[in-house]
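Architecture at a glance
This is what each chain is made of:
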Amino acid sequence: MYSNDRLVILDADGTTIDAFSAIDQTFALHGMDIGPLVRFQKRRNMFKYLGGLKEFPRNLRKQIAGRKRSRLIDTLTDVYREQAELYAGIRDLMQQLTQQPDLRIGIVTRNITREPVLTLERLFIRQGFDPGRFDFVVHLPLSEEKLTAFRDLRTRFAVNPARAYACGDEAKDYLAAVGAGMYPFMVSYGFEDFDRLTARHGIPAEVIARTPQELCVRVLNAFGLEPRGESVA
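Procedures and definitions
Residues numbered from 1 in each chain as written. Predicted model: local features only at pLDDT ≥ 70, side-chain atom pairs only at ≥ 80, totals over all residues. Heavy atoms only, no water. Core = buried A, V, L, I, M, F, W, Y, C linked by side-chain atoms within 4.5 Å. Buried < 20%, exposed > 50% of the residue type's maximum accessible area, 1.4 Å probe, protein only. Helix = DSSP H or I, 4+ residues; strand = E, 2+ residues; numbered from the N terminus. Contact = heavy atoms within 4.5 Å. Axes fitted to C-alpha atoms, helices over the stretch in contact; angles between N-to-C directions. Parallel < 35°, antiparallel > 145°, perpendicular 65-115°, else oblique. Left-handed = near helix turned anticlockwise from the far one by under 90°. Nonpolar A, V, L, I, M, F, W, Y, C, P; charged D, E, K, R; others polar. Polar contact = N/O pair within 3.5 Å; in protein donor to acceptor, adjacent residues only side chain to side chain. Phe/Tyr/Trp six-rings, centres within 6.5 Å; stacked < 30°, edge-to-face > 60°. Arc of directions from axis to C-beta. Salt bridge = Lys/Arg side-chain N within 4 Å of Asp/Glu carboxyl O.

This part covers the nonpolar core. Counting 44 residues, the largest nonpolar core has Y80, L97, F124 and L215 as the members making the most contacts within it. Among the elements that line this core, the one with the most residues is helix α1 (residues 19–29), at 5 residues. Other than its neighbours up to four places away in sequence, L97 contacts L103, I105, V219, L220, F223 and L225. With 16 residues, the next largest nonpolar core counts F150, L153, A177 and A180 among its residues.

The structure is reproduced here in structure tokens:
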């Protein structure tokens, strides 16, 4: 038996949070160059945090020791907690969505910082959003896919798949949403660009937002809500 609730699962890095700027700043603090966003988006996943073909050799030498890699994660954690930002309009989007009494909303993430749930909570609070308004915040190890987590949340809240939505910026997010019977809200300003999502992975252009503002408009429209604040820009 289904409830009358609806469900929205948000992604953190690259969808709601400007992860690239945080990663770029972290690498710079360690004397490394991750390259521009346009090339970062086109790399295979294994090169995301090491840099592309141009930057890879130098970065690999600097990260080869476990201790150096650990310090990199420590710095990334500090940057997330003290400086990283939500994309424009996202705070207002989350505020509006969490005000809907029949809407279950939260985060499913594979964020790699230390104590990632605490890290995200600090970031949200600093950006003016109370994470206590979420119905759930789920952290997954990098080795785990989101499909099972999506299905578990849908079951937990007894939500009809036709009333469930998931946001993401990578092809694997799209596959998890579709596999769980949910509507996918995809974005192309995060870790994978529009061409890679469509041409390489075959994701329909119609479900992809090219800007955070477009994502906000699409999500709010799906629930019959009008954009306000930064999400109008």
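There's plenty left to go through after this.
On to the packing of helix α5 (residues 90–98) against helix α10 (residues 212–222), then. Here α5 crosses α10 at 10 degrees, and the two axes come no closer than 10 Å. Accordingly, the angle class assigned to the pair α5 and α10 is roughly parallel. Every pair of crossing elements has a handedness; the one defined by α5 and α10 is left-handed. Listed contacts from α10 to I90, L93, Q96 and L97 of α5 are L215, C216, V219 and L220. In terms of residue class, the contact of α5 with α10 is made up of 7 nonpolar, 1 polar and no charged.

As for its position among the elements, H30 is in the loop between α1 and α2 (37–40). Taking the C-alpha atoms as reference, H30 lies 9.0 Å from R71; in sequence the two are 41 residues apart.

Here we come to the side chain of T98. With respect to the helices, strands and loops of the structure, T98 is situated in helix α5. In this structure T98 comes out as buried when scored by relative accessible area, which is 15%. For T98, the side chain forms a polar contact with the side chain of R133, separated by 2.9 Å. Ignoring anything within four residues of it in the chain, the contact list for T98 reads I105, F129, R133 and F134.

The next thing to look at is the packing of aromatic side chains. Counted according to the given criterion, the structure contains 9 aromatic pairs. Taking 5.9 Å as the distance between ring centres and 40 degrees as the angle between the ring planes, the aromatic pair formed by F136 and F157 counts as tilted. Of the two residues, F136 sits in strand β3 (residues 136–139) while F157 sits in the loop between α7 (147–156) and β4 (164–168), which places them 21 residues apart along the sequence. Assessed through its relative accessible area of 14%, F157 is described here as buried.

What follows concerns α7. Residues of α7 that are buried include every one of A149, F150, L153 and R154, and no others. Take α7 and look down its axis: the buried residues cluster within an arc of 135 degrees, on one side only. Projecting away from the buried face of α7 at angles above 90 degrees are the exposed residues T148, T155 and R156. Where α7 is buried, its residues meet β1 (6–10), β2 (103–109), β3, β4 and α8 (171–179). A158 sits one or two positions beyond α7 and adopts a positive phi of about 55 degrees.

This paragraph deals with the pattern of salt bridges. Applying the stated rule across the entire model yields 10 salt bridges. For D11, the salt bridge identified is with K146, shortest N-O distance 2.8 Å. Of this pair, D11 sits in the loop between β1 and α1 while K146 sits in the loop between β3 and α7; the two residues are 135 residues apart in sequence, bridging distant segments of the chain. Across the pair, exposure class does not vary: D11 and K146 are buried alike. Residue R218 pairs with E214 through a salt bridge whose shortest N-O separation is 2.9 Å. You can see R218 and its partner E214 sitting in helix α10, 4 residues apart, about one turn around the helix. Members of the salt-bridge network, linked through shared partners, are D5, R104 and D135.

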